[in-house]
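# Coordinates in review
Each chain, letter by letter, is given below.
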Amino acid sequence: MFIGVVTALLALAAPAAAQDDVGLLKALGTWTQPSDPADVVALADGTAVFSAEDAIHGRELWRTDGTAAGTQLVSDLVPGPEGSFPVALEAVGDLAYFYTVNGVWRTDGTSAGTRRLVDFRTASGMKARTAAAENEPVRQRFQPLGDGVLFVQPDAYSGEPELWHLRPSGAKKLDLFDDPQLGRQLTVSAAVDGKVLLTGTYSQYLTDGTREGTQEVYPGVGFAPVKTTDGHLASYGSGGSLVVLRRGETKSTVVSPGLEYAPLRAIGDAVYFAAEDGLRRWTAADGVTTLGGPPPAWSETGGEQDIERSGSTIFWTGSSGSRTRLARWDGQTAAVVPGPAYGLTRITAAGPGTVLFWAYDEREEDGERVLWLAGATGMQRVPGEVLHGDWTYRMAKTRNGVVYPAWTEHGDLELHRSDGTPGGTGQLGDVNPLPKGSEPYGAARVGARVLFPTAERGELWVTDGTAAGTTTVRALDSTGAPLDPVWMDSDGTTAYFLGGNDRLLYQSDGTAAGTRPIAGPFNGFLGLGRVGAAFVFGTDGELWRTDGTAAGTYSLGETYAGEPVAVNGDRSMLVTSGYWDSIWTDGTRTARLPTGRSIAGVAVPGGFLAGMELGSPDDSTLGTELYRLDETATRAELLADLEPGKTGSVPRGMTRAGDRVVFVAGTSAFGTRWYSTDLSGGGLQPLPIGGAVSWPYAWETGRYTYITAWSSDPDRQGMTLYRTDGTPAGTVALRFFPFDDNEHAPLDFTAFGDTVWFSAWDPEHGRELWKTDGTPAGTRMAADILPGPDSSDPADLLPADDFLYFSAFNLEHGAEPWRVWRPRPSAEAPGEPAPPVTIEPLPVPLPLPPAADQPAARRDTLPLKVERATVSVTVKRLRGAGARKRWRVSGRVAESGCSGRLRIDVNRGQRRVKSTTARLRRCRFDAIVTTTARGPRLTLTIRTVPTSTLVAARSRTVRLR
């Protein structure tokens, strides 16, 4: 939960009606949106089906015959842009089975042949739907049985696998065992002669779907792949031995020793498997034959596509020393195919005697998997085909080549095809041809113009609010790599940022000549503002300053823990960090304040108002309370002890509202609520703002403050937007926004002209651009940029002299820069006054705190609530230069404050090799991380930098490949 606050300079009277000039600034992007294909499955007719996404249909079922013209949508199973989200596609005979959000389906690759087996809107399918949504799909989930299909579905609550039989009449859970433990941890392994083989933790069972028709066929088999060949079933048993259930028999037998956790493949009438002496083959007619070569090794695909036949040659992933290599048997001899590829996976026949596969190149010590083409005597890399990260994707053979997902040079996952030649390998059409947009991120004002970077090519742009005046400032950094500006900040005239690759500190005045590196490299950058001739910033836990020259860029000699927050006065700056650091600076000199805790502050004439705790927590007799500091921060005056004792009222969220200051504080007598004082710290009074108070935020821009407060009514979830001038009579409720999570809260309040602009969400329009003139009637949506319930996500709202800059998304252009020009007043008689506006003040709900000489009605002191925050993260590989690797790290923080800093750590094993920081805005973060460390086992984690509003939290560990 959090509170959002903004201050804006508005006239109390409603302005004359005006036409909002909201429009696209300029379409800069040239790339299209990714389709993210997944679960590619080959069908018997030479086509393949897969799930993919476009902006018109959402994620739906597609098919391809290996040509661009033959790659088409099968059916829009959930009409509209939401999509049905097909998952766990699996081929069974001539059909493929899969889940969607509304049922279990099967398809033959045509619209007419695609039908739903179970409707999740019915009671019988509801539990399966829940489990499908909550659990990761597993392989070998479906096998035909009777007029339906048998499948394993994790229970929605316990996660234990359950057996279900899907028939046209509905879904039925099967109970096949007297001992419930035997029915757990099962996989649906294979189907033969009208029965299904089930593999469990300790045994195999053959079943016809009834308890009476279920019998054990081999004990002690454990989990292992099961393959069917000519009516026989083969799998690995205890100790890695090959176990075969011959057609017509009811008990499995051991036919050969083998290796545990090794690939197993049925091709034609033979089963190929791993043994100590290399590759072996079993057939019903000839028994076991040793072919030799290196023993087959199990890749991370779990043995899937680790053994393949192409023409008369068998290829496999062979264990050779500490690495896996491509091995082959040509019918006479077995050997390792010469070449630099290692770490193979997804071996797939591409033509007579040739195979495609993904592997690392030993000539690149810290490279990524790339595509290879190999024959019996050699191999070659296929240019341009690459996989980012550890995850690999299934390949499927069609009548016109092998299709598979791979990454483009733009960093998007698309469907590719290969005919077995380097020239015939590449992206297969464009499933999602709508524009992606240049994807602007961040913005900074430079005089009358706005500077912004784009993700498409890592360029820096500047705009005067017109299409003709929107031009590239700089594209490359000092090394010739993309500039990729990160952590941009500005003093209003000059912008400062780090190069995403060279990590140098740049400054820019919005011109090419005035955009240059001045110092570095630095691991991070947090602009704090200008004091006199110096721009102060934080990096690596240290306070620095710059005057735009290398000589004038140096450390101020003060360190901090946590996220620094600056309060800029007329001639000095107060920097607070986390709970315990308070530093004063005039841009040259510094002084550390003797504070045990420093939460928030605001500049006032002659000094600062701040929530502080003087002295150490052990020595102080007062908690965190409201103080006044002079400009040199050498004198501190206690203004109000709202909560006597060591707990304190913890004033926070301090914001100027004209000639008053508003803030949040908590007492055991009245709980947590909003207060205001005059600029001297006197005239304390509570404000009539209801709802739950937790996380306050402030944007200081003028006379009024806008506050969003959670509803305290459990039956009315959402936030109310308030406007206040710091007095009870000037506090007005403007609008209620219904929603149930932080992600939908109003954000980015920005004053421009006589209006405050912001982004807000409602169920009918999604998150769009809104505006308010400070009255309930004048608080409304300004533009539905992406019509319908989807969101255009306006972000980075920044006013210039004549226009308001922001970025937004729509289907026609993708994510691009937009602008609002100053509104043109409608025609009115000259001098005609604006119609009067009557605003009814809200009543003050709670009394003022008692005077100092009056005893307070005390209750037990309530501790501040600590939220349990979560950090979600996505890592995407970008283009690199030389030995450098670039990663886009993005995600969101939930159940905490929505602004602040996060620390990104890159680790090798247990050792941290690099740390940097990212700015959290609107609960989201987006950063570019560059790595030069070599070797395996690189991981990334993200931690919040705790402040008074941002709770400590950590993300999952992500492996970098």
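Remember, it's a predicted structure, so these values are computed and weren't measured experimentally. (Residues numbered from 1 in each chain as written. Predicted model: local features only at pLDDT ≥ 70, side-chain atom pairs only at ≥ 80, totals over all residues. Heavy atoms only, no water.)

## What to know about the overall build of the protein chain
Secondary structure summary: the protein chain contains 1 helix and 79 strands in total. Taken over 961 residues, the protein chain has a buried fraction of 56%. A sequence separation of at least 24 residues applies to 48% of the contacts in the protein chain between residues at least 6 apart. Taken as a whole, the protein chain presents about 37,800 Å² of accessible surface, with 51% of it coming from carbon and sulfur. (Helix = DSSP H or I, 4+ residues; strand = E, 2+ residues; numbered from the N terminus. Buried < 20%, exposed > 50% of the residue type's maximum accessible area, 1.4 Å probe, protein only. Contact = heavy atoms within 4.5 Å. Areas by Shrake-Rupley, 256 points an atom, 1.4 Å probe, with all protein chains shown as cover.)

## A word on the sheet that holds strand S30 (residues 334-336)
Sheet architecture is open: 4 strands sit in the order S27-S28-S29-S30, paired in antiparallel fashion. What marks the edges here is a single partner per strand, and that holds for strand S27 (307-310) and S30. Between one strand axis and the next, the sheet turns by 30 degrees as a mean value, whatever way the strands run. Bridge count between strand S28 (residues 313-320) and strand S29 (residues 323-329): 7 bridges; the pairing is antiparallel. Bridge pairing in S29 links Ser 319 to Thr 324. (Pairing = 2+ DSSP bridges. Axes fitted to C-alpha atoms, helices over the stretch in contact; angles between N-to-C directions.)

## Quick notes on the nonpolar core
Leu 505, Phe 525, Val 889, Ile 904, Phe 925 and Ile 942 are the most contacted members of the largest nonpolar core, which totals 32 residues. Top contributing element to this core by residue count: strand S77 (residues 924-931), with 4 residues. Each residue touching Ile 942, except ones within four places of it in the same chain, is listed here: Val 871, Val 873, Val 889, Leu 902, Arg 903, Ile 904, Phe 925, Ala 953, Arg 954 and Ser 955. Core analysis: the next-biggest nonpolar cluster, separate from the first, contains 28 residues, Val 355, Phe 357, Trp 358 and Val 382 among them. (Core = buried A, V, L, I, M, F, W, Y, C linked by side-chain atoms within 4.5 Å.)

## Points about the environment of Leu 413
You can see Leu 413 is positioned in strand S37 (residues 413-418). Given a relative accessible area of 6%, Leu 413 falls into the buried group. For the pair Leu 413 and Ser 35, spaced 378 residues apart in sequence, the C-alpha separation works out to 6.7 Å. Contact partners of Leu 413, with chain neighbours within four places excluded, come to Pro 34, Ser 35, Asp 36, Pro 37, Tyr 393, Pro 405, Ala 406 and Trp 407.

## Regarding the sheet that holds strand S22 (residues 253-256)
Backbone-to-backbone hydrogen bonds join strands into a sheet, with any given pair of strands oriented parallel or antiparallel. Strand order in the open sheet formed by 4 strands is S19-S20-S21-S22, and the pairing between neighbours is antiparallel. The open sheet has two edge strands with one neighbour each: strand S19 (226-229) and S22. Put simply, the sheet's adjacent strands are angled 35 degrees from each other on average, direction ignored.

## Some thoughts on the confidence of the model for the protein chain
Overall, the predicted model of the protein chain reaches an average pLDDT of 82, with 81% of residues at or above 70. Confidence drops under a pLDDT of 50 for residues 1-17, and excluding neighbours within four residues, the segment shows 97 contacts in the predicted structure. In this model, residues 122-139 is a region of pLDDT below 50 whose contacts with residues beyond four sequence positions or in other chains number 34 contacts. (pLDDT = per-residue confidence, 0-100.)

## Regarding the pairing of strand S44 (residues 495-499)
For S44, the buried fraction is high: 5 of the 5 residues fall into the buried class. The pairing of strand S43 (residues 485-490) with S44 spans 4 bridges and is classified as antiparallel. Paired with Pro 485 across the bridge in S44 is Gly 499. A loop of 4 residues connects S43 with S44, the two strands running antiparallel in sequence, and Gly 492 in this loop sits at a positive phi of about 100 degrees. Sheet topology places S44 next to strand S45 (residues 505-508); 4 bridges connect them, and they run antiparallel. Along S45, the bridge assignment pairs Ala 495 with Ser 508. Between S44 and S45, which follow one another and run antiparallel, lie 5 residues, and Arg 503 among them has a positive phi close to 60 degrees.

## Looking at the pattern of salt bridges
Close approach of charged atoms allows side chains of opposite charge to pair. This model, assessed by the stated rule, comprises 24 salt bridges. Among the salt bridges present, the one from Glu 362 reaches Arg 323, with a minimum N-O distance of 3.8 Å. With Glu 362 in the loop between strand S32 (354-361) and strand S33 (369-374) and Arg 323 in strand S29, the pair connects residues that are 39 residues apart, well separated along the chain. Asp 361 is the partner of Arg 363 in a salt bridge, and the nearest nitrogen-oxygen pair spans 2.7 Å. Residue classification places Asp 361 among the buried positions, given a relative accessible area of 2%. Each of Asp 361, Arg 363, Glu 364 and Arg 381 takes part in salt bridges that share partners, so that together they form one network. (Salt bridge = Lys/Arg side-chain N within 4 Å of Asp/Glu carboxyl O.)

## Regarding the packing of aromatic side chains
Summed over all chains, the structure comprises 22 aromatic pairs. Measuring from ring centre to ring centre gives 5.6 Å for Tyr 97 and Phe 142, while their planes differ by 20 degrees; the resulting arrangement is stacked. Of this pair, Tyr 97 sits in strand S8 (residues 95-100) while Phe 142 sits in strand S11 (residues 142-145), and the two are 45 residues apart along the sequence. Both residues of the pair, Tyr 97 and Phe 142, count as buried. Relative to Phe 758, the ring of Phe 737 has its centre 6.5 Å away and its plane inclined at 85 degrees; by these criteria the two rings are edge-to-face. (Phe/Tyr/Trp six-rings, centres within 6.5 Å; stacked < 30°, edge-to-face > 60°.)

## Topic: the side chain of Arg 628
Tracing the sequence through the fold places Arg 628 in strand S57 (residues 625-630). One buried charged side chain, Arg 628, makes no salt bridge at all; its nearest oppositely charged neighbour is Glu 637, positioned 5.2 Å away. A distance of 3.2 Å separates the side chain of Arg 628 from the backbone oxygen of Leu 679, its partner in a polar contact. Once residues lying within four places of it in the same chain are set aside, the contact partners of Arg 628 are Val 604, Pro 605, Gly 606, Phe 608, Leu 609, Arg 635, Ala 636, Glu 637, Leu 639, Leu 679 and Ser 680. (Lys, Arg positive; Asp, Glu negative; His and termini not counted. Polar contact = N/O pair within 3.5 Å; in protein donor to acceptor, adjacent residues only side chain to side chain.)

## Let's talk about unusual backbone geometry
The peptide bond linking Gly 520 to Pro 521 adopts the cis configuration, its omega dihedral lying at 10 degrees. With phi around 50 degrees, Asp 193 is a residue other than glycine that occupies positive phi space. Along the chain, Asp 193 turns up in the loop between strand S15 (187-192) and strand S16 (195-199). In this structure, Arg 503 takes a positive phi of about 60 degrees despite not being glycine.

## Let's talk about the environment of His 744
Positionally, His 744 belongs in the loop between strand S65 (732-738) and strand S66 (747-752). Residues His 744 and Met 719, 25 residues apart in the sequence, show an inter-C-alpha distance of 9.5 Å. Other than its neighbours up to four places away in sequence, His 744 contacts Phe 739, Trp 761 and Arg 767.

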